[in-house]
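Report on the structure
What follows is the residue order along each chain.
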Amino acid sequence: MKVLFVGDASNLHNCLAGQLRRMGHEAVVASNGSTWMDTRRDINLLRRPGKLGAVRYVVDIAKALPKMRGHDIVQLCTPIFLNLKPAKVRWVLDYLKRHNGKVVLSALATDRVYYDACHDGHTYRYSDYHLGNEPSPFVGSHEYQAQEQENWGKPFMKEHSDYVLGKIDGATACLWEYYVAYKPVLGDRVVHTGIPIDTDGIVMRPLDKAPQKVRFFIGIQPTRTVLKGTDRMLDALKRVCAARPDECEMVVVEGVPYEQYIEKMRSSHVLLDQLYSYTPATNALLAMAQGLVAVSGAEPEFYDLIGETENRPVVNVDPLIEGDIEAQLNHIIDNKQLLPEMSRNSRLFVERHNAAAIVAQRHIDFWNTL
């Protein structure tokens, strides 16, 4: 099978491509390397700043298009899979549709379908945009304005979303959140695949006994701290570490490339990730594969979707409960003798549900139904 991935986010498409090659398939990734993460790609489609960068970007796409033909599957990273205006994205979509086989969408980030689900008043108890009946801290923040989030609700974005949905043959959702948003829209043409993690390439660091000091790790994405609730996680962590300096410490990393980020994570025991999530995402799963315990989102709806009834190792934090982050962090410190077992269970969870070979096979099985 020949597969073309267009766009990437948090290394998901690159990880899938690598696994497909190991399984004997052909795979090409055309992406911007997830911008600052600088993940691997075969065709570089990174847009540089300024007018000159915009012109060069269009030239790069034009040069790349002949290489983006003749594939059995084209997998797109969101409906805005290129850093272009929607009309130009649609032109490229039509080109890919004419010159390849099936076209599939990766539901892996905010788009119009997810935005609508967040605002329908019943799909989620909380989301990036609301906490219960109240707006989330993200709404109205500088991040919200900088990302032009209000555009998702405008007619031109609905028009674009409807156009893309009318062209694709199906969609794969990497999180419970995206699956439940797309299910009413696409029905059987959407499947939950999970996020692929290269467990064969990630060595677990065994934790044989409780550490003297619990080392907490938190990574900061400069443009997404409020969106993901990392600001609240970091504030809570600072308060806990200030109150218990002899029992815990923290490592804070901001805006480093993907490979450096993974390396800096290795020596820690607990990772703090997203607050407004129902599902452990890439960051949490990468940490768990190394044997870290993840403090993130892992709601019952997610575990029920994947059929996991016994091993539920993620320390779930509830953004609707005041003080819950600090309470969970203090509980980890008070019960640090449990960290070795939690560490092993975290790795086992990723091996069972998110190993790249398993997730790639889910994609193959789905593609074969189209």
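The text that follows walks through the structure, step by step, so that each part is easy to find. (Residues numbered from 1 in each chain as written. Predicted model: local features only at pLDDT ≥ 70, side-chain atom pairs only at ≥ 80, totals over all residues. Heavy atoms only, no water.)

Focus on the packing of helix 13 (residues 339-353) against helix 14 (residues 356-367)
- Here helix 13 crosses helix 14 at 25 degrees, and the two axes come no closer than 6 Å. When the axis of helix 13 is compared with that of helix 14, the two are roughly parallel. Counted together, E351, R352 and H353 of helix 13 and I358, V359 and R362 of helix 14 form the full contact between these two elements.
- In terms of residue class, the contact of helix 13 with helix 14 is made up of two nonpolar, one polar and three charged. (Axes fitted to C-alpha atoms, helices over the stretch in contact; angles between N-to-C directions. Helix = DSSP H or I, 4+ residues; strand = E, 2+ residues; numbered from the N terminus. Parallel < 35°, antiparallel > 145°, perpendicular 65-115°, else oblique. Contact = heavy atoms within 4.5 Å. Nonpolar A, V, L, I, M, F, W, Y, C, P; charged D, E, K, R; others polar.)

Here's the deal with the environment of V185
- Locating V185 in the fold gives a position in helix 7 (residues 176-186).
- On the basis of relative accessibility, which here comes to 44%, the residue V185 falls in the partly exposed class.
- Setting aside residues up to four positions removed in sequence, V185 forms contacts with V113 and L165. (Buried < 20%, exposed > 50% of the residue type's maximum accessible area, 1.4 Å probe, protein only.)

Examining helix 2 (residues 50-64)
- Over its 15 residues, helix 2 runs 21 Å from end to end, which matches the ideal 21 Å to within 8%, given 1.5 Å per residue.
- For helix 2, the secondary structure elements touched by its buried residues are strand 3 (43-44). (Expected span 1.5 Å × (residues − 1).)

Looking at the side chain of D324
- Position of D324 relative to the elements: it lies in helix 12 (residues 324-334).
- Although D324 is buried, it forms no salt bridge, and the closest oppositely charged side chain is R232 at an N-O distance of 8.4 Å.
- In this structure D324 touches N316, V317 and D318, once residues within four positions along its chain are discounted. (Lys, Arg positive; Asp, Glu negative; His and termini not counted. Salt bridge = Lys/Arg side-chain N within 4 Å of Asp/Glu carboxyl O.)

Overview of the layout of surface pockets
- There is about 570 Å³ of room inside the second largest pocket.
- Taken together, 26 residues make up the lining of the second largest pocket; nearest its centre are N11, N14, D198, Y258 and E259.
- Only helix 1 (12-22), helix 9 (258-265) and helix 10 (282-289) provide two or more residues apiece to the lining of the second largest pocket.
- The element contributing the most residues to the lining of the second largest pocket is helix 1, with six residues.
- Tallied by class, residues from the lining of the second largest pocket come to 11 nonpolar, eight polar and seven charged. (1 Å grid on protein atoms, 1.4 Å probe; cavity = no way out; pocket = protein on both sides within 12 Å on 5 of 7 lines; lining within 4 Å. Points joined across faces, edges and corners; volume = space filled by probe spheres on them.)

Examining the sheet that holds strand 1 (residues 2-6)
- A sheet is described by the order of its strands in space; here seven strands give the open sequence 3-2-1-4-5-8-9, paired in parallel fashion. The open sheet terminates on both sides in strands that have one partner only, identified here as strand 3 and strand 9 (190-192).
- Pairing between strand 1 and strand 2 (residues 26-31): five bridges, direction parallel. Residue pairing across strands places F5 opposite V29, the latter belonging to strand 2.
- Along the sheet, helix 3 (residues 86-99) contacts strand 1, strand 4 (73-77) and strand 5 (102-107); its crossing angle with strand 4, the most-contacted strand, is approximately 160 degrees.
- With respect to the sheet, helix 14 is in contact with strand 1, strand 4, strand 5, strand 8 (170-173) and strand 9, its orientation differing from that of strand 8 by roughly 165 degrees. (Pairing = 2+ DSSP bridges.)

Don't take any of this as a statement about function, it's just geometry.
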